Amino acid sequence: MVRAECKAACAILGVDELIFRELPAACLDSLPAWKINSVIQEIVAQVRPSELYVPFGFDLHKDHGAISYAASVVARPYTVTGQSIARVLAYETLSETNLAPPYMAPAFQPNVFVNISETIDKKIEAMQAYQSQLQPENMPRSTAAIRSLAHLRGTHIGCMAAEGFVLLGEYVR
């Protein structure tokens, strides 16, 4: 069901190609790191992105930490795979990033902001394709929360809506 929702959301966003791999959802902490690293290595080698967006590694969801760690291993700037990557950014996830226990891990403090004022409605429309993940308007995974966070991040740079990221690495070659 989630994969079908993902395909629908990507169609709304105009994404041409999706890549799925078989990793156990909500169970990555039971896999050896090298297996996760290998899967991320394959994807990055296939796509050869210039920018890499990863979940914030210190949010409440353990899978996000495992993926973030694997991406950091794969994106090392001196490796063959890492050579194509100019920038690595961590994003926040509503219902996860803000729930990490305070003082036990670094907080999400965005230092890169991207104006999405022109595309926030499309972002909301794409999220509505994830019916299994949407929550009522007073909950973190709601369209109201997405719009509110975008507005808050927009105030950081003087626009109506933005997304905030933590810069993990930038490599000018």
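Conventions used here
- Residues numbered from 1 in each chain as written.
- Predicted model: local features only at pLDDT ≥ 70, side-chain atom pairs only at ≥ 80, totals over all residues.
- Heavy atoms only, no water.
- Helix = DSSP H or I, 4+ residues; strand = E, 2+ residues; numbered from the N terminus.
- Contact = heavy atoms within 4.5 Å.
- Salt bridge = Lys/Arg side-chain N within 4 Å of Asp/Glu carboxyl O.
- Buried < 20%, exposed > 50% of the residue type's maximum accessible area, 1.4 Å probe, protein only.
- Lys, Arg positive; Asp, Glu negative; His and termini not counted.
- Polar contact = N/O pair within 3.5 Å; in protein donor to acceptor, adjacent residues only side chain to side chain.
- Axes fitted to C-alpha atoms, helices over the stretch in contact; angles between N-to-C directions.
- Parallel < 35°, antiparallel > 145°, perpendicular 65-115°, else oblique.
- Left-handed = near helix turned anticlockwise from the far one by under 90°.

Draft legend 1. A look at the side chain of Glu96. Mapped onto the elements of the fold, Glu96 is located in the loop between strand E2 (87-91) and strand E3 (112-115). Excluding residues within four positions of it along the chain, Glu96 makes contact with Asp59, Leu60, His61, His64 and Arg141.

Draft legend 2. Seen up close, the pattern of salt bridges. With the rule as written, the count across this model stands at eight salt bridges. A salt bridge links Asp121 to Arg147, with the shortest nitrogen-to-oxygen separation between them at 3.1 Å. Here Asp121 is found in helix H4 (residues 120-128), whereas its partner Arg147 is found in helix H5 (residues 143-157), with 26 residues between them in sequence. The exposure class assigned to Asp121 is exposed, which follows from its relative accessible area of 52%. Among the ionic contacts, a cluster of salt bridges with common partners joins Glu51, Arg87 and Glu170.

Draft legend 3. Main features of the side chain of Asp63. Note on placement: Asp63 falls in helix H3 (residues 62-74). Nearest to the buried, unbridged Asp63 among oppositely charged side chains is Lys62, at 9.5 Å. Polar contacts involving the side chain of Asp63 include one to the main-chain amide nitrogen of Leu28, which spans 3.0 Å. If sequence neighbours within four positions are ignored, Asp63 has contacts with Pro24, Ala25, Ala26, Cys27, Leu28 and Asp29.

Draft legend 4. Quick peek at the packing of H4 against H5. Running from amino to carboxyl end, H4 crosses H5 at an angle of 150 degrees, the nearest separation of the two axes being 10 Å. What the angle tells us is that H4 and H5 run roughly antiparallel. Our pair here, H4 against H5, has a crossing hand that is right-handed. Each of Ile120, Asp121, Lys123, Ile124, Met127 and Gln128 in H4 lies in contact with H5, whose residues at this interface are Thr143, Ile146, Arg147 and Ala150.

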